[in-house]
Amino acid sequence: MPTPLRFGLFCTAAVVFGALLSSCRADGTKMRFHLFAGESWGRADCLSLPVDTVAASGEYDLTLLLRTSAAGLSVCKTIYLNVREEGLQLSPPLNDTLAVSLDNEQMRKGRNGVAYHEIAIPVRRVRLKRGMCGNLLISHAMAADSLTGISELGYRLEPAAPFPADAGGL
């Protein structure tokens, strides 16, 4: 029989782990990640990231978040990603191929000295209805059958900031 302390530690760990993979901030921003943990990503593999219901109808800025290890992708200067939606009823439907440049200016060093890229890729502004949910489907469009070196891939969906009012024109 588990002790209350052990059970409490287990619950705390489960909540923290869940928050790392999927989070929703007070401002309505949603984030979700897939951790590759050394796996290779096959060309036929389609990553499906659930988009849970949004709290309020409105416009949201959709951004992909990519973290790579420099060692695993040292031969790639550009990664091509196919992004489409399923069930979100976007108009026009999301079905884009994005070219992501991996230049050395974006490279960072981790605490362990290992270099990595951490890139935010703006996709587009989308209009979502309250309670709507679906999936973002992401696959790579590289010539190689298998892509290694990606450690995390996810999205950020945040309420869109209103465009600034016209300050007198050009």
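Residues numbered from 1 in each chain as written. Predicted model: local features only at pLDDT ≥ 70, side-chain atom pairs only at ≥ 80, totals over all residues. Heavy atoms only, no water.

Colleague: What is the right way to look at the pairing of strand β10 (residues 134-140) in this model?
Modeller: Both faces of the sheet carry side chains from a regular strand, because those side chains alternate between them. Summarising burial for β10: 7 of the 7 residues are buried, a large majority. The pairing of strand β4 (residues 47-51) with β10 spans 5 bridges and is classified as antiparallel. Of the residues in β10, the one forming a bridge with Leu-47 is Ile-138. Pairing geometry for strand β6 (residues 78-86) and β10, over 6 bridges, is antiparallel. (Buried < 20%, exposed > 50% of the residue type's maximum accessible area, 1.4 Å probe, protein only. Helix = DSSP H or I, 4+ residues; strand = E, 2+ residues; numbered from the N terminus. Pairing = 2+ DSSP bridges.)

Colleague: Any chance you could explain the packing of aromatic side chains here in plain terms?
Modeller: The geometry of two aromatic rings is summed up by the distance between their centres and the angle between their planes. Per the stated rule, a full pass over the model turns up 1 aromatic pair. Ring centres of Phe-36 and Trp-41 lie 5.4 Å apart, and the angle between their planes is 45 degrees; on these two criteria the pair is classed as tilted. Pair check on accessibility: Phe-36 and Trp-41 agree, each one buried. (Phe/Tyr/Trp six-rings, centres within 6.5 Å; stacked < 30°, edge-to-face > 60°.)

Colleague: I'm lost on the confidence of the model for the chain in this one. Help?
Modeller: Low pLDDT marks stretches whose predicted atomic positions should not be read closely. Predicted confidence across the chain gives a mean pLDDT of 77, with 73% of residues reaching 70 or more. Mean pLDDT values over the elements of the chain span from 40, in helix α1 (residues 4-21), up to 93, in β10. Here residues 1-24 scores under 50 on pLDDT; set against residues more than four positions off or in separate chains, the count is 13 contacts. (pLDDT = per-residue confidence, 0-100. Contact = heavy atoms within 4.5 Å.)

Colleague: How do you make sense of the environment of Ser-57 when you look at a structure like this?
Modeller: By the secondary structure assignment, Ser-57 is in the loop between β4 and β5 (58-69). C-alpha separation for the pair Ser-57 and Arg-130, spaced 73 residues apart in sequence, amounts to 4.5 Å. In this view, Ser-57 contacts Leu-128, Lys-129 and Arg-130; residues no more than four positions away in its chain are not counted. Polar contacts involving the side chain of Ser-57 include one to the main-chain amide nitrogen of Arg-130, which spans 2.7 Å. (Polar contact = N/O pair within 3.5 Å; in protein donor to acceptor, adjacent residues only side chain to side chain.)

Colleague: Please explain the nonpolar core as it appears in this structure.
Modeller: The nonpolar side chains of a soluble globular protein tend to be buried with one another. Core analysis: the biggest nonpolar cluster contains 33 residues, and Trp-41, Leu-64, Ile-79, Leu-128, Tyr-155 and Leu-157 have the highest contact counts within it. Only β4, β5, β6, β7 (95-101), β9 (115-128), β10 and β12 (150-159) provide two or more residues apiece to this core. The leading source of residues in this core is β9, at 5 residues. Non-local contacts of Leu-64, meaning those with residues more than four positions away in its chain, are made with Leu-81, Val-83, Leu-98, Ile-119, Ala-120, Ile-121, Val-123, Ile-138, Gly-154 and Tyr-155. (Core = buried A, V, L, I, M, F, W, Y, C linked by side-chain atoms within 4.5 Å.)

Colleague: What exactly am I supposed to notice about the sheet that holds β7 here?
Modeller: Sheet strands line up and pair through hydrogen bonds in the backbone, either parallel or antiparallel. Here we have 4 strands laid out as an open sheet, ordered β4-β10-β6-β7, and antiparallel in their pairing. Each of the sheet's edge strands pairs with one partner strand only, and the pair in question is β4 and β7. When strand polarity is set aside, the average angle formed by the axes of neighbouring strands in this sheet is 25 degrees. (Axes fitted to C-alpha atoms, helices over the stretch in contact; angles between N-to-C directions.)

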